Amino acid sequence: MLKGREDDINVTDVLVLAGELLLGNGAEVFRVQDTINRIANAYNVADFEIYVLSNGMFMSICEDGQHYKASVKNVPITAAHLGRVAQICNLSRSIVAGECTTREAYCELLRIRDMPGKSNVARILYVAIGSGSFCYLIGGTINDIMTTVVSVSILHRYLIYMENHQASKMMLNMIGASIATFFGLLLVNLGLGDDIDNIISASIISLVPGIALTNSIRDLFNGDYLSGTIRLIDALLVAFSIAAGVGGMIAMWQNLFGGFFI
């Protein structure tokens, strides 16, 4: 529903919402700019400029050659949802083909924005399968795989719980890595796992900022140096937080239990 705005939808609304959804769900800067420019051209916007950073957009548009509008949108760096990105790209193709009015496009963008995510049980199941498979690929035994599944399930139960709290990303990843490491150490010392290195590596792989790192490199190669640097710094800080959480928990375990560490 448009909540009372059915008669007030214009090209600017579509462009701003599409850009916000793309940028906030993990799309690269050049993809955001290219998609928004294509939509603007499809709606015959003659005077249009957009500048995109990794966490914000600056947009100016002239409608009917007289009415100028400008928009500045802050888009925090959050978790990616590539399903939304794919659907917006499909929508942009429909717009370019002349199959959507501005009102229809805006309604579709609202639907994409409100797309439900996977259930908590499904998310934990998928990450457990992925981490367990990674443990197998790096040489883990069946005991290591089962220990990894338990550790990563507890880790992501914690992350899901913290979604409703405004926690620092660095602290969230540091504590999460500590939790995964603690349960890995505990289960290995209880005889349920064999190689702690494989278990810790596989348990924390889901925390690694792969999309952010990939997008930073792609942005740098496309000449978007500022956006690429911002994403790269974000990815490096997350990696540092994970390393600090793992190292801190191992050091704490050794200090508390000494020879009980395997």
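**Brief notes about unusual backbone geometry**
A positive phi angle, close to 60°, is found at N44, a residue other than glycine. Since its relative accessible area comes to 70%, N44 is described here as exposed.

**Focus on the packing of aromatic side chains**
Under the defined criterion, the tally for this structure stands at 3 aromatic pairs. Ring geometry for F182 and F183: centres 5.2 Å apart, planes at 80°, overall edge-to-face. Residue classification places F182 among the partly exposed positions, given a relative accessible area of 30%. Among the aromatic side chains, those forming a connected cluster through ring pairs are F182, F183 and W253.

**Brief notes about the layout of surface pockets**
Reported here for the second largest pocket is a volume of approximately 150 Å³. Every residue along the wall of the second largest pocket is listed here: F30, R31, D34, T35, R38, C89, S92, R93 and V96. Of all the elements in the fold, those that place two or more residues in the lining of the second largest pocket are α2 (29-42) and α3 (82-96). Residue composition of the lining of the second largest pocket, by class: 3 nonpolar, 2 polar and 4 charged.

**A look at a nonpolar patch on the surface**
A surface patch of nonpolar side chains, about 420 Å² in accessible area, is lined by Y51, F58, V72 and L226. Relative to the helices and strands, Y51 resides in strand β1 (residues 47-53).

**Describing helix α9 (residues 210-221)**
When the terminal C-alpha atoms of α9 are compared, their 17 Å separation across 12 residues agrees well with the 16 Å that a helix rising 1.5 Å per residue should span. Residues of α9 that are buried sit in contact with α2 and α10 (225-257). Note on α9: the residue one or two positions beyond its end, G223, has a positive phi of about 85°.

**Looking at the pattern of salt bridges**
Counted under the stated rule, the structure contains 7 salt bridges. Linking R31 and E28 is a salt bridge whose minimum nitrogen-to-oxygen distance equals 2.8 Å. Residue classification places R31 among the partly exposed residues on the basis of a relative accessible area of 27%. With relative accessibility at 5%, the residue E28 sits in the buried group. D114 is paired through a salt bridge with R113; the nearest N and O atoms lie 3.2 Å apart. Linked by salt bridges that have partners in common, E28, R31 and R218 make up one network.

**Some details on the confidence of the model for the protein**
When the pLDDT values of the protein are averaged, the result is 84; 92% of them are 70 or greater. Scored below 50 in pLDDT, residues 1-7 shows 10 contacts in the model against residues more than four places distant or in partner chains.

**Points about the packing of helix α5 (residues 120-137) against helix α8 (residues 196-204)**
Where α5 contacts α8, the axes come no closer than 8 Å and their chain directions differ by 140°. Here the hand of the crossing between α5 and α8 comes out right-handed. Seen from α5, the contacting residues are S131, F134 and C135; seen from α8, they are N198, S201 and A202. A breakdown of the residues in the contact of α5 with α8 according to their chemical character gives 3 nonpolar, 3 polar and no charged.

**Some thoughts on the nonpolar core**
Residues L15, V32, I36, Y43, F48, M59 and L109 are the most contacted members of the largest nonpolar core, which totals 37 residues. Put simply, the parts of the chain that give this core at least two residues each are α1 (11-24), α2, β1, β2 (56-63), α3 and α4 (102-113). Here this core takes 9 residues from α1, the largest share from any one element. Beyond its immediate chain neighbours, meaning those up to four positions away, L109 contacts V14, L17, A18, L21, I88 and L91. With 21 residues, the next largest nonpolar core counts L185, V188, I204 and L207 among its residues.

Calculation rules
Residues numbered from 1 in each chain as written. Predicted model: local features only at pLDDT ≥ 70, side-chain atom pairs only at ≥ 80, totals over all residues. Heavy atoms only, no water. Buried < 20%, exposed > 50% of the residue type's maximum accessible area, 1.4 Å probe, protein only. Phe/Tyr/Trp six-rings, centres within 6.5 Å; stacked < 30°, edge-to-face > 60°. 1 Å grid on protein atoms, 1.4 Å probe; cavity = no way out; pocket = protein on both sides within 12 Å on 5 of 7 lines; lining within 4 Å. Points joined across faces, edges and corners; volume = space filled by probe spheres on them. Helix = DSSP H or I, 4+ residues; strand = E, 2+ residues; numbered from the N terminus. Nonpolar A, V, L, I, M, F, W, Y, C, P; charged D, E, K, R; others polar. Patch = residues over 30% accessible without salt bridge, like charges linked within 9 Å, V, L, I, M, F, W, Y side chains within 5 Å. Areas by Shrake-Rupley, 256 points an atom, 1.4 Å probe, with all protein chains shown as cover. Salt bridge = Lys/Arg side-chain N within 4 Å of Asp/Glu carboxyl O. Expected span 1.5 Å × (residues − 1). Contact = heavy atoms within 4.5 Å. pLDDT = per-residue confidence, 0-100. Axes fitted to C-alpha atoms, helices over the stretch in contact; angles between N-to-C directions. Left-handed = near helix turned anticlockwise from the far one by under 90°. Core = buried A, V, L, I, M, F, W, Y, C linked by side-chain atoms within 4.5 Å.

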